[in-house]
Amino acid sequence: MTATTLIPPEVAERVGTVAATASGEVNRREWQRWAVAVKDHNPLWFDADAARAAGYDDVVAPPLYVQYAVLGVTPLDGLRPDGSSGAVSGNLTFPDAPRRMAGGESTTFHLPCYHRDEITMVRTIESIVDKQGRSGPFVLVTWRTTYTNQRDELVAEASTSMIARP
Amino acid sequence: MSQQLYLEDVSVGDALPPLPVTVDETQMFFFSAATYNGHRIHYDKDWARGTEGYDDVLVQGPLQAALLARAVTDWIGPAGRLVTYSAQNRAVAFPGQELVFGGTVTGVREDGDRTLVDLELAATRGDDTLMPGSAVVSLPSRSGGA
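Small disclaimer: the values here were computed from a predicted structure and weren't measured.

## Regarding the overall build of chain B
Part 1: Looking only at helices and strands, chain B has three helices and five strands in total.
Part 2: Listing the helices and strands of chain B from first to last along the sequence gives β-α-α-α-β-β-β-β.
Part 3: Each principal axis of the C-alpha distribution contributes one length, and for chain B these read about 60 × 30 × 25 Å.
Part 4: Total accessible area computed for chain B in this model is approximately 6,500 Å², and 48% of it derives from carbon and sulfur atoms.
Part 5: The centroid of the 10 positive side-chain charges in chain B is displaced by 4 Å from the centroid of its 19 negative side-chain charges.

In structure tokens, the structure reads:
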């Protein structure tokens, strides 16, 4: 089409850099609240005996939960107008494409997370590209993320993406 | 639940038991709370309609992804392991719509000392695929080992 871009130059420059690092403690009550919000009553997340019978040391967090263990605290006055925090994605802003949607996620799980594991996330901006979809132009942002535990063991690695539309 | 699935039970082409879910705004509220998600498109109807132009508030993409993963972890049983999981948001969903989460076995292969099962996944609404995905799982064998 044309050479127009929805990506501000100062945002484009951040490709390849670390967008965010965060750490947090895995908490049984928090992952159980997450699980019941998914109506996921898998005994591995709730019942230590069932988890041990399946080869774990104790109840484990649902694999997808690890991404939420590192979420920080955002003062409400610091939220974007749309209410989102942006902290975990590196506060990338696209003034010409303010409507944001989760794109996709692809995760490899290496180890389970237990109560009180300390998880560190490092998220790198892999790419930011203009795209043309059926409903018009959008920006696709892709991050690569690693999650390690307090023993420096790699727990999970993920590729996640976000779509921003005008 | 918790009946164990074994490798010997699985063949390419098998379908996972479909998981039908109609998300309501209570579930959306609790999911946003559990994920510390303040995004207005999930609870502020004026914002969702007026500012973003949607018909209603939107079911969270990560909730759909979690439900699609639940269809897998329910199926593989406690001794199964989720090795990789991938899902892409293709279309929005609104509360009150019946979504069906399911998948198909696309491969069974050796990987060192374990056997992996490849799955193609989808969250659908009627004939629409809202969220295609894939997963790799490991399953125990009836002869012992995983």
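## A few points about the side chain of H39 of chain B
Part 1: Relative to the elements of secondary structure, H39 of chain B occurs in the loop between α1 (25-34) and α2 (45-51).
Part 2: With a relative accessible area of 9%, H39 of chain B lands in the buried category.
Part 3: One polar contact links H39 of chain B to D82 of chain A, side chain to side chain, over a distance of 3.3 Å.
Part 4: Beyond its immediate chain neighbours, meaning those up to four positions away, H39 of chain B contacts D82, G83, S84 and R100 of chain A together with E52 of chain B.

## Quick look at the packing of helix α2 (residues 28-37) of chain A against α1 of chain B
Part 1: Between α2 of chain A and α1 of chain B, the least distance of the axes is 8 Å, while the angle of their chain directions is 155°. Compared by their axis directions, α2 of chain A and α1 of chain B come out roughly antiparallel. Every pair of crossing elements has a handedness; the one defined by α2 of chain A and α1 of chain B is left-handed. On α1 of chain B, the residues touching R33, W34 and A37 of chain A of α2 of chain A are Q27, F30, F31 and A34 of chain B.

## Examining the sheet that holds strand β4 (residues 114-125) of chain B
Part 1: Taken together, the 10 strands give an open sheet; going across it, the order is β1(A)-β3(A)-β4(A)-β5(A)-β2(A)-β2(B)-β5(B)-β4(B)-β3(B)-β1(B), and neighbouring strands pair in antiparallel fashion. Where the open sheet ends on each side, the last strands, each with one partner, are β1 (18-25) of chain A together with β1 (19-22) of chain B. Geometrically, the sheet is characterised by an average inter-axis angle of 20° between neighbouring strands, direction not taken into account.
Part 2: Bridge analysis of strand β2 (residues 99-109) of chain A against strand β5 (residues 154-165) of chain A gives 10 bridges, and the strand direction is antiparallel.

Rules behind the numbers
Residues numbered from 1 in each chain as written. Chains lettered and ligands numbered in written order. Predicted model: local features only at pLDDT ≥ 70, side-chain atom pairs only at ≥ 80, totals over all residues. Heavy atoms only, no water. Helix = DSSP H or I, 4+ residues; strand = E, 2+ residues; numbered from the N terminus. Areas by Shrake-Rupley, 256 points an atom, 1.4 Å probe, with all protein chains shown as cover. Lys, Arg positive; Asp, Glu negative; His and termini not counted. Charge placed at Lys NZ, Arg CZ, Asp CG, Glu CD. Buried < 20%, exposed > 50% of the residue type's maximum accessible area, 1.4 Å probe, protein only. Polar contact = N/O pair within 3.5 Å; in protein donor to acceptor, adjacent residues only side chain to side chain. Contact = heavy atoms within 4.5 Å. Axes fitted to C-alpha atoms, helices over the stretch in contact; angles between N-to-C directions. Parallel < 35°, antiparallel > 145°, perpendicular 65-115°, else oblique. Left-handed = near helix turned anticlockwise from the far one by under 90°. Pairing = 2+ DSSP bridges.

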